[in-house]
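Okay, here's what each chain looks like letter by letter:
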Amino acid sequence: MDLYEHQARELFAEHGIVVPRAEVTDSAARARGIARGLGGRVVVKAQVRTGGRGKAGGVRLAPDPAAAERTARRILGMEINGHPVRAVMLAEPVDIDAEFYVSYVLDRASGTFLAIASAEGGTEIEEVAAARPEAVARIPVDPAEGVTAAKAAQIADAAGLPPEAVDVLVRLWAVLTREDALLVEVNPLVRTTTGQLAALDGKVTLDDNARFRRERWGAQEATHDDPLEAEAAAKGLNYVKLDGEVGVIGNGAGLVMATLDVVAGCGARPADFLDIGGGASARIMADGLHVILSDPAVRSVLVNVFGGITACDAVADGIVQALDRVHLTKPLVVRLDGNNAARGRALLDARAHPLVHQATTMDGAAQQAAALALAANPS
Ligand code: GDP
Ligand code: MN
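The notes below deal with the structure included here.

Thoughts on the overall build of the protein chain
Across its full length, the protein chain carries 13 helices and 18 strands. Dimensions of the protein chain, computed from C-alpha atoms along their principal axes, come out at roughly 80 × 50 × 40 Å. The buried share of the protein chain, taken over its 379 residues, is 51%. Approximately 17200 Å² of the protein chain is accessible, and the part contributed by carbon and sulfur atoms is 51%. Each charge class in the protein chain can be summarised by its mean position, and for the 38 positive and 49 negative side chains these summaries are 5 Å apart.

Structural data, given as structure tokens:
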């Protein structure tokens, strides 16, 4: 789960990282009083869980409380990268001498944590990283050793950060580990004109499995970059969008993962991961099919179910009922095996939908779904 900037900075402050004074509100009228309390001149910042707010006009300086109210009203009416702005943070402005970038991220590819840091932080960090990768230091961090002062000095040195950054780097590592985060990022970490280091922005992604997260932040809605994933999450589906053309539905994460591999082995690419678990109800089937069929890249759908506790006839019944709720526009290949498979197949045969095909083996079903997807005209 991604935290909002104001939540991230709360964690930073608790771990002794300097953040400018700030307050959050969802009301433009209240923004005026808050600005007065912060000294009149403030930075008004959209609170949305997406980057690039500055470039989108979601971070603006207001010279006085009346301007803060006007600016807050304008930003509260914005949508940034598809995220409606529901709250703004008003922060005491700081005079910036230099902007740095620092982050720790769990790097699954290398199986460890990475410190990423640059002396050229700010809104152009992606461009800097693309044009001059050498300007961004990437240093592996062994989680068993963590970021000691010596390790932090190595990171600061590699990135060209000032010596005062060592203390911030050690504290930021504490945020990552103590808060069960998968990512902590400060961009920009600034040196003010008075020589102090302060975190002007913060991004924290917490591990959804962490007990701490649930206790402190509760059931805050998850963030989904993909609209289909957002729709699926809202419907309680265990869905991950992928880039291929064969939609996949299965029961049990292991079976679905294996199905993705088999589809790939047939020369096609899976369009999603969708595990219906033990739930074969018509609603889950209809919701799952609806999400998958909404993906314009999908050209066929493969339902792969091995009936255990969930009997195949219950799954077939769910599919038959779902066919009445969802307008099937693409071929559907169903493979039912295991508990009550024969009865399940008979139910689907009786429904005799022209776009529904049945296969008896997983390989056969994947081959058929892949062939149908590759034969279909890209729409
Ligand atoms: P982002 O665009 O979503 O990453 O939002 P940031 O919070 O990082 O703000 C974008 C940019 O606005 C920063 O890189 C700073 O250059 C600038 N900015 C943000 N807060 C302040 C501030 O208090 N004072 C000044 N001078 N600039 C600020
Ligand atoms: Mn930023």
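What to know about the site of ligand 1
Residues in close proximity to ligand 1 total 16 residues, the closest being Lys 45, Arg 53, Gly 54, Val 94 and Glu 99. Side-chain polar atom of Arg 53 to an oxygen atom of ligand 1: 2.8 Å apart, as the coordinates give it. Asn 187 is positioned with one of its backbone polar atoms (N or O) 3.1 Å from an oxygen atom of ligand 1. Cavity membership is defined here by more than half of the atoms lying within 2 Å of grid points; on that basis ligand 1 lies in the largest pocket.

Comments concerning the coordination of the manganese ion (ligand 2)
In an ideal octahedron of six donors the angles at the metal are 90 or 180 degrees, and in an ideal tetrahedron of four donors they are 109.5 degrees. Protein ligation of the manganese ion (ligand 2) involves Asn 187 (O) and Asp 201 (OD), the donor distances falling in the range 2.2 Å. Pair noted here: Asn 187 is in strand β10 (residues 181-192) and Asp 201 is in the loop between β11 (197-199) and β12 (203-206), with a separation of 14 residues, a long-range link.

Details of the pairing of β10
Burial analysis of β10 places nine of its twelve residues in the buried class, which makes it a mostly covered element. Pairing of strand β7 (residues 96-107) with β10, which is carried by eight bridges, proceeds in the antiparallel orientation. Counted as the bridge partner of Ala 98 is Arg 191 from β10. Pairing of β10 with β12 involves four bridges; the strand directions are antiparallel. If you follow Glu 185 over to β12, its bridge partner there is Lys 203. Looking at chain direction, β10 and β11 are connected through three bridges and run antiparallel. Residue pairing for β11: Val 190 is matched across the bridge by Ala 198. Hairpin geometry of β10 and β11 is characterised by an intervening segment of four residues between the two adjacent antiparallel strands and by a positive phi of about 90° at Gly 195.

A short note on helix α10 (residues 282-293)
Taking 1.5 Å per residue, twelve residues should reach 16 Å; α10 reaches 16 Å between its end C-alpha atoms and fits that length. In terms of burial, α10 is largely enclosed, as ten of its twelve residues are buried. The complete set of buried residues in α10 reads Ala 282, Ile 284, Met 285, Ala 286, Asp 287, Gly 288, Leu 289, Val 291, Ile 292 and Leu 293.

Thoughts on the nonpolar core
Counting residues in each nonpolar core, the largest one holds 40 residues, and the members touching the most others are Phe 12, Tyr 104, Leu 161 and Val 204. With eight residues, helix α6 (residues 165-178) is the largest single contributor of residues to this core. Apart from the residues within four sequence positions on either side, Leu 161 is in contact with Phe 100, Val 102, Ala 117, Ser 118, Ala 119, Ala 156 and Leu 169. Val 298, Val 315, Ala 322 and Leu 323 belong to the second largest nonpolar core, which has 34 residues in total.

Quick look at the layout of surface pockets
Approximately 1200 Å³ is the volume attributed to the largest pocket. Around the largest pocket, the lining is made up of 47 residues, and of these Arg 53, Thr 123, Asn 187, Pro 188 and Asp 201 lie nearest the centre. Mapped by element, the contributors of at least two residues to the lining of the largest pocket are α1 (5-14), β2 (42-46), β3 (59-62), β6 (88-91), β7, α4 (125-131), β9 (136-141) and β10. The element that contributes the greatest number of residues to the lining of the largest pocket is β7, accounting for five residues. A domain-level breakdown of the lining of the largest pocket finds at least three residues from each of domain 1 (21-91) and domain 2 (96-211).

Side note on unusual backbone geometry
In the segment running from Asn 187 into Pro 188, the intervening peptide bond is cis, with an omega of 10°. Mapped onto the elements, Pro 188 comes out in strand β10. At Asp 180, a position not held by glycine, the phi torsion is positive, near 55°. Inspection of the secondary structure puts Asp 180 in the loop between α6 and β10. Classification of Asp 180 by relative accessible area gives partly exposed; the value is 35%. Unusually for a residue other than glycine, Asn 340 sits at a positive phi of about 60°. Mapped onto the elements, Asn 340 comes out in the loop between β17 (332-338) and α12 (341-351).

Rules used throughout
- Residues numbered from 1 in each chain as written.
- Chains lettered and ligands numbered in written order.
- Predicted model: local features only at pLDDT ≥ 70, side-chain atom pairs only at ≥ 80, totals over all residues.
- Heavy atoms only, no water.
- Helix = DSSP H or I, 4+ residues; strand = E, 2+ residues; numbered from the N terminus.
- Buried < 20%, exposed > 50% of the residue type's maximum accessible area, 1.4 Å probe, protein only.
- Areas by Shrake-Rupley, 256 points an atom, 1.4 Å probe, with all protein chains shown as cover.
- Lys, Arg positive; Asp, Glu negative; His and termini not counted.
- Charge placed at Lys NZ, Arg CZ, Asp CG, Glu CD.
- Near = heavy atom within 4 Å.
- Polar contact = N/O pair within 3.5 Å; in protein donor to acceptor, adjacent residues only side chain to side chain.
- 1 Å grid on protein atoms, 1.4 Å probe; cavity = no way out; pocket = protein on both sides within 12 Å on 5 of 7 lines; lining within 4 Å.
- Sits in = over half its atoms within 2 Å of the grid points.
- Donors = N, O, S within 2.8 Å, 3.2 Å for Na, K, Ca; no water.
- Pairing = 2+ DSSP bridges.
- Expected span 1.5 Å × (residues − 1).
- Core = buried A, V, L, I, M, F, W, Y, C linked by side-chain atoms within 4.5 Å.
- Contact = heavy atoms within 4.5 Å.
- Points joined across faces, edges and corners; volume = space filled by probe spheres on them.
- Domains from an automatic or database assignment.

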